[in-house]
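Each chain, letter by letter, is given below.
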Amino acid sequence: SVRSSIGTSDAGPLSREPVNRRLHKTVTLMPHLLILLLALPFGSPAAPSGLLVNLLPSPALGVPARPRFSWIVPPSESEPDHAQVSYRLRVWAEISGGVVWDSGSVRSSSSATIGYGGHPLSPGTAYRWTVTTTSLGPAAESVPSESAPSEEGAFVTA
């Protein structure tokens, strides 16, 4: 009948919910969807690569108790003049997984021979390290370097 179809959807026999009720549900969900979309890492710079410890990719003879770290700043396709403005280094013992040093965010464009700033590392111990860089722009923080499955970032102290 004409009277029973007023205010209902014409989407088919399974959709007899009034149009205004469906519209209200959609409008109510919009802020939640917007928050989820803003949380997605759109356009994050790639992970730093070319990780070196004391300018070596895999130091076979071990490194001193206070190593130096270097990396290649990830490029940005959307920003040709992209530059690192800060970094954060983390070093942890491979066996225990415990973080032995976290540099915190360091405001610097340097990415070569950055000195370890924690307590001296234990001799003969395997460590891993990662770096996250930050640049100016909407997608400022890079993916941490450890996200790539490789032997980069591993070293043993002498």
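Residues numbered from 1 in each chain as written. Predicted model: local features only at pLDDT ≥ 70, side-chain atom pairs only at ≥ 80, totals over all residues. Heavy atoms only, no water.

Residues and numbers for the overall build of the protein chain, please.
Within the protein chain one finds two helices and eight strands. What you see in the protein chain, going N to C, is helices and strands ordered as α-α-β-β-β-β-β-β-β-β. In the protein chain, which comprises 158 residues, the proportion classed as buried is 29%. If you take every contact in the protein chain between residues at least 6 apart in sequence, the share linking residues at least 24 apart comes to 62%. Accessible area of the protein chain: about 10200 Å², with a carbon and sulfur share of 63%. (Helix = DSSP H or I, 4+ residues; strand = E, 2+ residues; numbered from the N terminus. Buried < 20%, exposed > 50% of the residue type's maximum accessible area, 1.4 Å probe, protein only. Contact = heavy atoms within 4.5 Å. Areas by Shrake-Rupley, 256 points an atom, 1.4 Å probe, with all protein chains shown as cover.)

Explain the environment of Ala46 to me, using residue names and the numbers behind them.
Position of Ala46 among the secondary structure elements: in the loop between α2 (19-39) and β1 (49-53). On a C-alpha basis, the gap between Ala46 and Thr133 in space is 9.6 Å, while along the polypeptide they are 87 residues apart.

Report on the pattern of salt bridges, specifying residues and quantitative values.
Under the counting rule described, the total for this entry stands at three salt bridges. The salt bridge partner of Arg88 is Asp102, with a shortest N-O separation of 2.5 Å. Taken together, the residues span a long stretch of sequence, with Arg88 in strand β3 (residues 84-93) and Asp102 in strand β4 (residues 99-102) at a distance of 14 residues. Taking relative accessible area as the criterion, Asp102 reaches 30% and is therefore assigned partly exposed. With a shortest N-O distance of 3.5 Å, Arg90 and Asp102 are connected by a salt bridge. (Salt bridge = Lys/Arg side-chain N within 4 Å of Asp/Glu carboxyl O.)

Now, about the pairing of β4: what can you tell me, with residues and values included?
Where β3 lies against β4, three bridges are found, and the strand directions are antiparallel. Its bridge partner being in β4, Trp92 is matched across the sheet by Val99. Connecting β3 to the antiparallel partner β4 that follows it, the hairpin turn spans five residues, and Gly97 within it adopts a positive phi of roughly 75°. (Pairing = 2+ DSSP bridges.)

Before we move on, could you go through the nonpolar core and cite the residues and values that matter?
Counting 17 residues, the largest nonpolar core has Phe69, Trp71, Leu89, Val91, Trp129, Val131 and Phe155 as the members making the most contacts within it. At the level of secondary structure, the elements contributing two or more residues to this core comprise β1, β2 (68-72), β3 and β7 (126-135). No other element matches β3, which puts four residues into this core. Once residues within four sequence positions are removed from consideration, Phe69 is found in contact with Leu52, Val53, Leu89, Val91, Trp101, Ser111, Ala112, Thr113, Ile114, Tyr116, Trp129 and Phe155. (Core = buried A, V, L, I, M, F, W, Y, C linked by side-chain atoms within 4.5 Å.)

Describe the side chain of Arg128, listing the residues and the values that go with them.
Residue placement: Arg128 occurs in strand β7. With relative accessibility at 19%, the residue Arg128 sits in the buried group. Side chain to side chain, Arg128 and Glu94 meet in a polar contact 3.5 Å long. (Polar contact = N/O pair within 3.5 Å; in protein donor to acceptor, adjacent residues only side chain to side chain.)

Tell me about the packing of aromatic side chains, and please be specific about residues and values.
How two aromatic rings sit relative to each other is given by the distance of their centres and the angle of their planes. Applying the stated criterion across every chain yields a total of six aromatic pairs. Grouping aromatic residues by their ring pairs yields a cluster made of Phe69, Trp71, Tyr87, Tyr127, Trp129 and Phe155. (Phe/Tyr/Trp six-rings, centres within 6.5 Å; stacked < 30°, edge-to-face > 60°.)

None of this, on its own, says anything about what the molecule does.
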